[in-house]
Amino acid sequence: MAGNNLQSTISVHGRTLYPTCKLLNSSKMLGFSLQSRTDRGLIVCSAVGHNTLNSDELGLRNPTRTSEILELIDQGEKTLANSGKFGRFGGIFVPETLITCLKKLEVEFNWVLHDPQFQEELSIALKDYVGRETPLYFAERLTNYYRNKNGEGPEIYLKREDLTHGGAHKINNAIAQAMLAKRMGRKSIVAATGAGQHGVATAAACAKLGLDCTIFMGSIDMQRQSSNVLLMEHTGAQVKSVAGTFKDATSEAIRSWVGNLQGSYYLAGTAVGPHPCPSMVREFQTVIGKETRKQAMEKWIGKPDVLVACVGSGSNALGLFHEFIRDEDVRLIGVEAAGYGIDSGKHSATLAKGEVGVYHGAMSYLLQDDEGQIIGPHSIGVGLEYPGVSPELSFLKDIGRAEFYAITDEEALEAYTRLCQLEGIFPALEAAHALAYLEKLCPTLASGTKVVVNCSGRGDKDAGTVFKYQHKMEGEQAQSE
Amino acid sequence: MAFFAAAPCRARTHLASSADCYSLLPLKFDRITPPCHLNPKPHSVFCTLSKQTMAEHHLEPVVLQRPDSFGRFGKFGGKYVPETLMYALTELETAFNSLASDQKFQNELDGILRDYVGRESPLYFAERLTEHYKRPDGRGPQIYLKREDLNHTGAHKINNAVAQALLAKRLGKKRIIAETGAGQHGVATATVCARFGLECIIYMGAQDMERQALNVFRMRLLGAEVRPVHSGTATLKDATSEAIRDWVTNVESTHYILGSVAGPHPYPMMVREFHAVIGKETRKQALEKWGGKPNVLVACVGGGSNAMGIFHEFVDDKDVRLIGVEAAGFGLDSGKHAATLTKGEVGVLHGAMSYLLQDDDGQIIEPHSISAGLDYPGVGPEHSFLKDIGRAEYYSITDEEAIEAFKRLSRLEGIIPALETSHALAYLEKLCPTLPDGTKVVLNCSGRGDKDVQTAIKLLKL
């Protein structure tokens, strides 16, 4: 289909022109996702003709000098300011009806970022309601576990986002956006949730601020994370079931929002979606990284050497990383879900196995088949089960600023049990992916390297899953004996 | 020397006036209700009184010593334990007293409370709850919540567990035992044992184990051994007795992490001291927020640890009202409740003299509350003392009122409180209309309620 011109069916952004597009033979250069929902005559996500340059032409693949990375980051910030893009990723791929709304949101967001009164209220809410600052905890027994025979090894610190109200980092963003929505005069909030943590956080924030709350959740997820459903309903949210998982719930939530743009506010839970959502969510999560810098200085008068975080869509990772992207001596490591294995077809390793396309309003890597249809992801960490990923993380991968690896379900479960037994902390299965990567990482690190792992949530919600899995294993073992 | 077999014996005290509290004798008996069984049941703890008690009392005004040198709060408290445990308790008390002035220990504990537990917990102004209690003319008290629900493991229990584990390590003990009802204290104990690399054995009533299978699994995931107790009613009080029995047998190698301000001296004092950080932070935060002190402190009372934790700092501040809220279960007259301070009588249970729920034969009455943490037939001796001298007030709240409060805080503030805490929250309904405008009320939000949502939903649907 080389040479076909594919024009955008929607105007993306007044300032950026997308004249023609070449659907190249190798779909690796430009993949796209086409999901048209015509029940309301809306096209939620659509293929867009895009003037995407071959990344080799931009010299992005292997920058020879590290300061090139800083230049690329600078360029990235410029494109963000101009067009809502991180390099070639991101953007505002949405129907006309939403453009004005998103523009208004961007204006409000920029305003509150600099409004001392809003910042003060937010800071009190983060301190007294959410329970910040969260500690930077030296995991002594985990550190000892990774020491070699000579007693050498890195030092492992955990950033304790599991101690926040609701039990995950999601609340940082939910409370800030709920406050923003209230300020904008909206009375009801709409959101989508995968594992339920964002739903729980949103429901809590809405209860506190007296806003109506509707949460869309995939029916499969509702079964797997039923305890979170109860928590949401209990705080007064209405939970609506959508056939499928998080990606389907997101589409439904956006559709519901579009039907009531004046009165309702779509509370994005993670750093995906059309601009300004990825930037907003990242900005509200960046308190994690800011605190880490300060606490590292207090504890060892320095910076972390390595930051490790799990990556579903990317909000907790960006929350920790963003503060340090210009510190080239700080390694950024994202860990995705390899599910049953990276070659099994049942995983959520978007940055490892995905291709570039547009999904839920932004250009980014995503898991798609040859026809541009979304591949249903899988992970035991339900919060990691998203076929897309934040455009900002796609950008950081492309410019070589961050590294991404993948961990299987089994490795994650082992890491869950390991942290329980060594530190008495139940990590969320999502965070367990980041912890599992330490097995591969620590042997390669110099003695005394300071590693900070984002313990992005607590794992009480997952005890049932681990229970079932262990029983299943025991049953299988017994059968084979 | 008086010797009493088969505790708990029912000891009636005649207190014509509060002056009698300051009597030289720890106990005054006008009668002992017969029959007092001469053959103790296997799950009872013996009690002995020794001459020492009376000699040490002198003329010290008891009210200033909380506890006094024998571990008494007025006539309550004490060390009603078998001889084998006396040495262990003395050793524990000596260790505790020396660590209180050991800066290294304090620094280590502070570091753990900060980085592991997540202290300080915030003092949160509950705006919508305050609004809910405003009278039609817009006047009403201001409600603040001390957020112990934000601690690691989700309740105040960890403050004490972490400190006792550190203490045990200092004593060179490698083995920890504890009892648990619903599993919260068990999980907290297993948590700290995992953190400090200590062997952990949790005694749990077999009936409780069935009802709380997930908590049992969590304790096992943390590396603890959970031992079922089948004796008696196979619930908390039986698990406690079994744990004490284990301790008697293994006292050299083992430390018993008691979960509340009950039990023989020095436990009530130690557990109170380890929780006192709650009150200390509250004082500091109140000063920062409104330049003053709280006017009223409200907390739920099961064994009494979270209440003592917040009250202790303010006991000598006479202008601060202390209110404890117990569980009235199905109602105070139903016979199915856990309102020890309201309906109990003085006796000895698990090593301490205190109010407890007992029948005419001095046998423990099985308590009931929808919240497992308040489901204890005794109460900390210091609470019994504070009640008797009129320093603290105690009320009770039914299961139904607690569930209402559970729902209310969830909807108004997005905070799901533990059912235990909900009892304290429910009392606000009766308290707030009586308070002048602007009264500062601090309620100890002692735990989060994720564990209770299933229970609440079941009951709300009925």
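Residues numbered from 1 in each chain as written. Chains lettered and ligands numbered in written order. Predicted model: local features only at pLDDT ≥ 70, side-chain atom pairs only at ≥ 80, totals over all residues. Heavy atoms only, no water.

With that out of the way, let us pick up unusual backbone geometry. All names here are of chain A. The omega torsion of the bond from Arg132 to Glu133 falls at 0°, within 30 degrees of zero and hence cis. Relative to the assigned elements, Glu133 resides in the loop between α3 (116–130) and β5 (136–138). For Ile301, which is not a glycine, the phi torsion comes out positive at approximately 45°. Among the secondary structure elements, Ile301 is positioned in the loop between α11 (287–300) and β11 (306–310). Residues other than glycine seldom take positive phi values, yet His360 does so here, at roughly 50°. Relative accessible area serves as the criterion here: at 3%, His360 is assigned to the buried category. (Helix = DSSP H or I, 4+ residues; strand = E, 2+ residues; numbered from the N terminus. Buried < 20%, exposed > 50% of the residue type's maximum accessible area, 1.4 Å probe, protein only.)

Further remarks concern empty space enclosed by the protein. Counted under the stated rule, the structure contains 15 cavities of 30 Å³ or more. Estimated volume of the largest cavity: approximately 560 Å³. Around the largest cavity sit 39 residues that line it, and B:Lys157, B:His185, B:Gly259, B:Ser260 and B:Gly373 are the ones nearest its centre. Residue assignment for the lining of the largest cavity shows that the elements contributing at least two residues are β7 (175–180), α6 (184–196), α9 (236–249), α12 (305–311) and α16 (419–431) of chain B. Broken down by element, the residue count for the lining of the largest cavity peaks at 3 residues, all from α9(B). Class assignment for the residues of the lining of the largest cavity results in 13 nonpolar, 21 polar and 5 charged. Looking at the second largest cavity, its volume works out to about 460 Å³. Surrounding the second largest cavity, 40 residues form its lining, A:Lys170, A:Thr270, A:Ser313, A:Ser315 and A:Gly383 being those nearest its centre. Listing elements by their share of the lining of the second largest cavity, those giving two or more residues are β7 (188–193), α6 (197–209), α9 (246–258) and α12 (315–321) of chain A. In terms of residues, the lining of the second largest cavity owes the most to one element, α9(A), which gives 3 residues. Of the residues that constitute the lining of the second largest cavity, the class distribution is 17 nonpolar, 19 polar and 4 charged. (1 Å grid on protein atoms, 1.4 Å probe; cavity = no way out; pocket = protein on both sides within 12 Å on 5 of 7 lines; lining within 4 Å. Points joined across faces, edges and corners; volume = space filled by probe spheres on them. Nonpolar A, V, L, I, M, F, W, Y, C, P; charged D, E, K, R; others polar.)

By the definition in use, this model includes 0 disulfides over all chains. As a non-bridged cysteine, A:Cys101 has A:Cys277 as the owner of its nearest cysteine sulfur, 9.7 Å distant. Here B:Cys200 stays free of any disulfide, with the sulfur of B:Cys193 as its closest cysteine sulfur at 3.6 Å. (Disulfide = S-S within 2.5 Å.)

The geometry of an aromatic ring pair comes down to the distance between the two centres and the angle between the two planes. Scanning the model with the defined rule gives 21 aromatic pairs over all chains in all. Seen from their ring centres, A:Phe109 and A:Phe284 are 5.6 Å apart, and the 85° between their planes marks the pair as edge-to-face. Taken as a pair, A:Phe109 in helix α2 (residues 96–113) and A:Phe284 in helix α10 (residues 277–285) lie far apart in primary sequence, 175 residues in all. A:Phe109 gets classed as buried once you look at its relative accessible area, which sits at 5%. Ring geometry for A:Phe467 against B:Phe217: centres 4.6 Å apart, planes inclined by 75°, an arrangement best described as edge-to-face. Residue A:Phe467 is located in helix α17 (residues 463–480), and its partner B:Phe217 is located in helix α8 (residues 213–221); the two belong to separate chains. The class for A:Phe467 is partly exposed, based on a relative accessible area of 30%. Through a chain of ring-to-ring contacts, the aromatic side chains of A:Phe138, A:Tyr157 and A:Trp300 assemble into a single cluster. The lysine or arginine in question, B:Arg195, covers the ring of B:Phe196, its NZ or CZ lying 5.0 Å from the ring centre. (Phe/Tyr/Trp six-rings, centres within 6.5 Å; stacked < 30°, edge-to-face > 60°. Lys NZ or Arg CZ within 6 Å of the ring centre and 35° of its normal.)

Glancing now at the nonpolar core. Core analysis: the biggest nonpolar cluster contains 145 residues, and A:Ile175, A:Tyr265, A:Leu393, B:Leu129, B:Leu145, B:Val298 and B:Leu428 have the highest contact counts within it. If you tally residues by element for this core, the top one is helix α5 (residues 170–183) of chain A, at 8 residues. Residues contacting B:Leu428, with those up to four places away along its chain left out, are B:Leu129, B:Tyr133, B:Ile143, B:Pro433, B:Val441 and B:Leu443. By size, the runner-up hydrophobic cluster in this structure holds 129 residues, among which are A:Val453, B:Val81, B:Phe105 and B:Ala190. (Core = buried A, V, L, I, M, F, W, Y, C linked by side-chain atoms within 4.5 Å. Contact = heavy atoms within 4.5 Å.)

The feature "domain: Tryptophan synthase beta chain-like PALP" (unreviewed entry), as annotated in UniProt, sits at residues 119–447 of chain B in this numbering. Measuring from the first to the last C-alpha atom of residues 119–447 of chain B gives 14 Å, for a span that is 40% helix and 20% strand. (UniProt positions renumbered as here; feature names shortened; annotations may be inferred.)

Turning next to the environment of B:Phe217. Residue classification places B:Phe217 among the buried positions, given a relative accessible area of 9%. Separated by 155 residues in sequence, B:Phe217 and B:Ala372 place their C-alpha atoms 18 Å apart. In contact with B:Phe217, other than residues within four places in its own chain, are A:Ala463, A:Val466, A:Phe467 and A:Gln470.

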